[in-house]
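What follows is each chain in one-letter form.
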Amino acid sequence: MADGARSLRGGGSGSPASSPVLGGRGRAAAAAASGGGGSPPGHGFRRVTLTKPTFCHYCTDFIWGLAGYQCDVCNFMSHEKCLKNVKIPCSCIAPSLVRVPVAHCFGSPGHYKRKFCTVCRKSLESPAFRCEVCELHVHTDCVLFACSDCRQCHQDGHQDHNTYHHHWREGNLSSSARCEVCKKICGSSEVLSGMRCEWCGILAHAACYIIVTPECTFGRLRNMILPPSCVQLYSRNFSKLHCFRISENLQTESDEDDDVDGSIQGSAKEVQISTDSSKQTLKIFDGNDAVKRNQFRLISVPRIAKNEEVVEAALRAYYINDDQQEYELQTFMQQALLSDDIINRNNAAEDSNLGLVFRESVPEAWIIRAKPKDEEVIRIYPAWLKVGMAYVSLRVNKGSTTQTVIKEVLPLLGKQTECLQNFRLVEVLMGSKQVQRMVLDNQELILNRLKDIRKTSIRQMNQTRFYIVEDSKSAVRVNLFVGGLPPQLSSEEYTNILKDELAIKTNVVSMSHVYQAQGAVVLEISCFSEAERIYMLVKDTTVNDKPLNAVVIPEVVASKIPQNCCPLLVFVNPKSGGLKGRDLLYSFRKLLNPHQVFELTNGGPLPGFHTFSKVPSFRVLVCGGDGTVGWVLGALEEIRHKLVCSEPSVAILPLGTGNDLGRVLRWGAGYSGEDPYSILVSVDEADDVLMDRWTILLDAEEPTEGAENGIAEPEPPKIVQMNNYCGLGIDAELSLDFHHAREEEPGKFNSRFHNKGVYVKVGLQKISHTRNLHKDIKLQVDQHEVELPSIEGLIFINIPSWGSGADLWGSESDNRFEKPRIDDGLLEVVGVTGVVHMGQVQGGFRSGIRIAQGSYFRVTLLKPIPVQVDGEPWIQAPGQIIISAAGPKVHMLKKSKQKQKKTGSLRDMRGDNMSVSEGGR
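Conventions we followed
- Residues numbered from 1 in each chain as written.
- Predicted model: local features only at pLDDT ≥ 70, side-chain atom pairs only at ≥ 80, totals over all residues.
- Heavy atoms only, no water.
- Helix = DSSP H or I, 4+ residues; strand = E, 2+ residues; numbered from the N terminus.
- Buried < 20%, exposed > 50% of the residue type's maximum accessible area, 1.4 Å probe, protein only.
- Contact = heavy atoms within 4.5 Å.
- Areas by Shrake-Rupley, 256 points an atom, 1.4 Å probe, with all protein chains shown as cover.
- Pairing = 2+ DSSP bridges.
- Core = buried A, V, L, I, M, F, W, Y, C linked by side-chain atoms within 4.5 Å.
- Expected span 1.5 Å × (residues − 1).
- Arc of directions from axis to C-beta.
- Axes fitted to C-alpha atoms, helices over the stretch in contact; angles between N-to-C directions.
- Polar contact = N/O pair within 3.5 Å; in protein donor to acceptor, adjacent residues only side chain to side chain.
- Parallel < 35°, antiparallel > 145°, perpendicular 65-115°, else oblique.
- Left-handed = near helix turned anticlockwise from the far one by under 90°.
- Nonpolar A, V, L, I, M, F, W, Y, C, P; charged D, E, K, R; others polar.
- Phe/Tyr/Trp six-rings, centres within 6.5 Å; stacked < 30°, edge-to-face > 60°.
- Salt bridge = Lys/Arg side-chain N within 4 Å of Asp/Glu carboxyl O.
- pLDDT = per-residue confidence, 0-100.

Draft legend 1. Representation of the overall build of the protein in the model. Along its length, the protein carries 23 helices and 47 strands. The burial tally for the protein puts 56% of its 921 residues in the buried class. For the protein, the proportion of contacts with a sequence separation of at least 24, taken over those separated by at least 6, is 70%. Looking at the protein as shown, the accessible area adds up to about 39,500 Å², and 48% of this sits on carbon and sulfur atoms.

Following this line, the structure appears as structure tokens:
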């Protein structure tokens, strides 16, 4: 079994999560390399007695009877009849099958129901990690053994390709998921089974996915996905959370990537195996690093056991399938046990001298060590040289150095005419959280290096590779967005501020873009360490008592974007919609390229628009309330002149309380858990419409108390943008009371139902309130004075929805006014007589009092009046309010009236890139 597993490692792209860059050989070739297809890849199956209902991980059927076959390492369970068909590799050899290692993006541990660990295949009953980019779920004590096989979402300077292959991930599918090949159920809620491509989303059985055409065209969402080949990001010193702009206040990152206390979780999970009186539990460390961190694995062995049995159990605990004869156990005193030693915890009389050596008790903790070798065979991967082979094997001895290895490898790769000085040997540690690369010195002894790695960690040796790479002179270019700076300054002034606050080195840092109105700059940094230093320092820096923020920005190569591709730029406000925004962030990162999904609490909309500034055509999806939509539209208006696509269409996923604009554009009254995939399909099929936007100039005439020496100063004019409506009087007063209540107890305002309840409460408190608003203001429409009736509230509406869907204007025909439209260049002016009138409008029993319709308005305030624009309220001092059209109309996306496909039949939409089983679709 071990020999078959080791030969499989050379088989090429046989991993269920194989990287798209290498797809020449199929899984049939990998199976052939493992011994003709009849030998399960890397598994160590043994017959076990079943004591509870058990399902086969291959066919997902129930295992009848009392016997089944279980892998000693990864717990893969199978029928006897299914053994010869198992193609899923064991966790112990999975790292060796990854072609291009890509680290995962883990946040803080959480509870995930009905999910299974990818490493040990057991249910996630305790807190576990979830990758924010792919569908990988793993126990906290298994995370160190997970493959670095995440989706490759950008180019990092090492490879350049335009053809992508399916990126398969096993298990955690819906129990109703159906195979694209045979159309039968392939998902299961009982075991880890079934395969899913994490780009196009097609589903298949483990037996069926090997015949699917390897090329992936991204499925139904191909025109919305930003292809990874178009994105460049130099991210060597940054964690994956930083690269994908995942806020650390939502996902807490560990201080050290590999410093996960797996020993605690492991002991809680496995200590139960020691309840058998004939068994004993031992702590096993895999090297000096584990001892330093006190990270151990627990194994259960008989109280009388040979050393070979303990070594084999220790190797299985660390997911290593090497020959146990190559390893030995040592105590903390570095005393190696002989191969014929017997561990005896019973202190029973033995006809040997061991009872004298370990008379008290055998030490509970052991270190597993690799025995020294005079020579061994190593694998050299050609990395990104595109030579058409997975790796070459090379025998090294005590005299072999990095330079001699390069000299011997180049002829095997057909590079014998190349100069040795143009190549480097790179050691790559494929950790699940970080892929670390280190260039080896030309004179370094290879055997000594291998010995040092194994001494540090046997597990790390199993995750370490050697790549031969061409010594390219590509320039390092890290783009860092820095916001929170004072607005309206020159480039020189911004440079001086950054020099004073961050001590930037101008020889490696340049300012590529300046956004004066927003107080933000984009730094181009040619040194990894300087980029990391600036990024970390910005977090603790304030300028004029305002904290700075930094975002790592990818570079989109517009020339590589396919001609028919219109990528979707997604903005999500995670604080909207009862915190549903967090779940949407995760879903959209999985369905699209994570580099096109931006969290608005991390730098606002500007980093997203800057990233897409060179994209010739794109659309925008805003996930949030009406206030969030206004924020994004305002930022778009300010930066429009710097975008190649100056008028992108904007869709809305309503997460707020009122969501009036979302209602008008048919996106619904609010998000209630719909399938994010179907939402993206609806965005792709949406119709382009135009909408007016309005500029409101607030010019207070009465002076206010100044900050210096109590001198009275007039309040400076203020300009705000309006999309939905602007209210004066009782309407704004209720919004202001709600706003104050939310500021006092923000934690309670996390549901749409509670928010509306608070609106009702503050409304009832004002029910007897009287305000003669018509005596406190004057209205002029299109240069004509308008006499106001007796009202308490005056509302300017741009869309036919107000206060969570109410029709304030009404549907009755009126010869005095035109029929309102969102793109007619006109605003409708409506009055309400009080809270009771507003309640009647909300209930659909009445409409407002129609006052005027026009395109230019001047309101004169004779006393301080509550004002609200798109739900943002304040008290406005006496003066002038001027409302006029705001430049060009904005392009919005209106949900199509066409009958949408059922979300349950996702295979009909996701699987259209397959070349098999096309009939009957």
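From this point, things continue past the structure.
Draft legend 2. Expanded view of the pairing of strand β40 (residues 793-797). By the criterion of burial, β40 is predominantly enclosed, with 5 of the 5 residues buried. Burial along β40 is two-sided: the face carrying G793, I795 and I797 and the face carrying L794 and F796 are both buried. The pairing of strand β37 (residues 725-729) with β40 spans 5 bridges and is classified as antiparallel. The residue bridging G729 from the neighbouring strand is G793, located in β40. Bridge analysis of β40 against strand β41 (residues 827-832) gives 5 bridges, and the strand direction is antiparallel. Each residue of the ladder has a partner; that of F796, found in β41, is V829.

Draft legend 3. Layout of unusual backbone geometry. Of note in the backbone geometry, R121 takes a positive phi value of approximately 65° without being a glycine. A residue is classified by how much of its surface remains accessible, and R121, at 7% relative accessible area, is buried. The backbone phi angle of Y319 is positive, close to 55°, even though this residue is not glycine. Secondary-structure assignment places Y319 in the loop between α7 (307-317) and β13 (327-330).

Draft legend 4. Structural context of the sheet that holds strand β2 (residues 67-71). Taken together, 3 strands build an open sheet; the order of strands is β1-β2-β3 and the sheet is antiparallel. Looking at the sheet topology across the chains shown, the edges are occupied by β1 (45-49) and β3 (77-78). With 5 bridges connecting them, β1 and β2 associate as antiparallel partners. Along β2, the bridge assignment pairs R46 with Q70.

Draft legend 5. Molecular detail of the nonpolar core. Ranked by internal contacts, the top residues of the largest apolar core, which has 151 residues, are F588, F609 and L621. Setting aside its immediate chain neighbours within four residues, L621 contacts L568, L569, V570, F571, F588, A651, I652, L653, L680 and V683. Of all hydrophobic cores here, the second largest spans 29 residues; its members include V478, L480, I525 and V538.

Draft legend 6. Expanded view of helix α12 (residues 491-502). An ideal rise of 1.5 Å per residue puts 16 Å on 12 residues; α12 measures up with 16 Å between its terminal C-alpha atoms. For α12, the complete set of buried residues consists of Y494, I497, L498 and L502. For α12, the buried positions fall inside an angular range of 95° around the axis, keeping them on one side. Exposed side chains of α12 directed beyond 90 degrees from the buried face belong to E492 and D500.

Draft legend 7. Here's a closer look at the sheet that holds strand β45 (residues 872-876). Strand order in this open sheet of 6 strands is β42-β41-β40-β37-β44-β45, and the pairing throughout is antiparallel. Each edge of the sheet is formed by a strand with only one pairing partner; in this case those strands are β42 (849-854) and β45. Pairwise comparison of adjacent strand axes, ignoring direction, gives a mean angle of 20° for this sheet. Relative to β45, strand β44 (residues 865-869) runs antiparallel, the two being bridged by 5 bridges. Bridging across to β45, Q868 finds its partner in P873.

Draft legend 8. View of the pairing of β44. With 5 of 5 residues buried, β44 is to be regarded as a mostly interior element. Residues I865, V867 and V869 point to one face of β44 and P866 and Q868 to the other, with burial holding for every one of them. Where β37 lies against β44, 3 bridges are found, and the strand directions are antiparallel. Bridge pairing in β44 places L728 opposite V867. Taking the residues between adjacent antiparallel strands as the criterion, β44 and β45 are bridged by 2 residues, where D870 takes a positive phi near 50°.

Draft legend 9. Structural context of the environment of H154. Considering the arrangement of structural elements, one finds H154 in the loop between β5 (137-139) and β6 (168-170). Put simply, H154 and P554 are 400 residues apart on the chain and 8.4 Å apart in space, counted from C-alpha to C-alpha. Those residues within four positions of H154 in sequence are excluded, and the remaining contacts are P228, V231, L233, S235 and H595. Looking at H154, its side chain comes within polar contact range of the side chain of H595, at 2.9 Å.

Draft legend 10. Quick peek at the packing of helix α14 (residues 580-591) against helix α18 (residues 676-685). One can describe the packing of α14 onto α18 by two numbers: an axis separation of 10 Å at closest approach and a directional angle of 65°. In terms of their interaxial angle, α14 and α18 are classed as roughly perpendicular. Here α14 runs over α18; the crossing is right-handed. Listed contacts from α18 to L584, S587, F588 and L591 of α14 are P676, Y677 and L680. When grouped by side-chain class, the residues that make up the contact of α14 with α18 number 6 nonpolar, 1 polar and no charged.

Draft legend 11. Quick peek at the packing of aromatic side chains. Scanning all chains against the criterion turns up 18 aromatic pairs. With centroids separated by 5.1 Å and ring planes inclined at 50°, the aromatic side chains of F145 and Y319 adopt a geometry described as tilted. Residue F145 is located in the loop between β5 and β6, and its partner Y319 is located in the loop between α7 and β13; the two are separated by 174 residues in the primary sequence. Comparing F145 with Y319, the two get one shared label, buried. Each ring, one from W168 and one from Y209, has its centre 5.2 Å from the other, and the planes form 70°; the classification is edge-to-face. Placement of the pair is W168 in strand β6 and Y209 in the loop between β8 (203-204) and β9 (231-232), with a sequence separation of 41 residues. Classification of Y209 as buried rests on a relative accessible area of 2%. Chaining the aromatic ring pairs together yields one cluster made of F55, F62 and W64.

Draft legend 12. Up close: the pattern of salt bridges. What the rule picks out here adds up to 28 salt bridges. A salt bridge links R297 to D141, with the shortest nitrogen-to-oxygen separation between them at 3.7 Å. Residue R297 is located in strand β11 (residues 297-302), and its partner D141 is located in the loop between β5 and β6; the two are separated by 156 residues in the primary sequence. Exposure class is identical for R297 and D141. Each is buried. Three or more residues joined by partner-sharing salt bridges are found here, namely R130, E132, R589 and E599.

Draft legend 13. Seen up close, the side chain of H205. Mapped onto the elements of the fold, H205 is located in the loop between β8 and β9. You can call H205 buried: its relative accessible area is 15%. Looking at H205, its side chain comes within polar contact range of the main-chain oxygen of I185, at 2.7 Å. Aside from chain neighbours lying at most four places away, what touches H205 is C179, C182, K184, I185, C186 and M195.

Draft legend 14. Looking closely at helix α16 (residues 626-639). Between the first and last C-alpha of α16 there are 20 Å, a value that for 14 residues agrees with the 20 Å anticipated at 1.5 Å per step. Summarising burial for α16: 10 of the 14 residues are buried, a large majority. For α16, the complete set of buried residues consists of D626, T628, V629, G630, V632, L633, G634, A635, L636 and I639.

Draft legend 15. Just the side chain of R130, in detail. Among the secondary structure elements, R130 is positioned in strand β4 (residues 128-130). R130 has contacts with C105, F106, G107, Y112, L136, H137 and Y586, leaving out every residue within four places of it along the chain.

Draft legend 16. Highlighting the confidence of the model for the protein. Summary statistics for the protein give a mean pLDDT of 81 and a share of 79% for residues scoring 70 or more. The spread of mean pLDDT over the elements of the protein runs between helix α1 (residues 2-8), the lowest at 30, and strand β28 (residues 568-572), the highest at 96. Across residues 251-274, where pLDDT falls below 50, the model places 51 contacts with residues more than four positions away in sequence or in other chains. Confidence drops under pLDDT 50 across residues 334-361; counting only partners more than four residues distant or on other chains, this segment forms 46 contacts.

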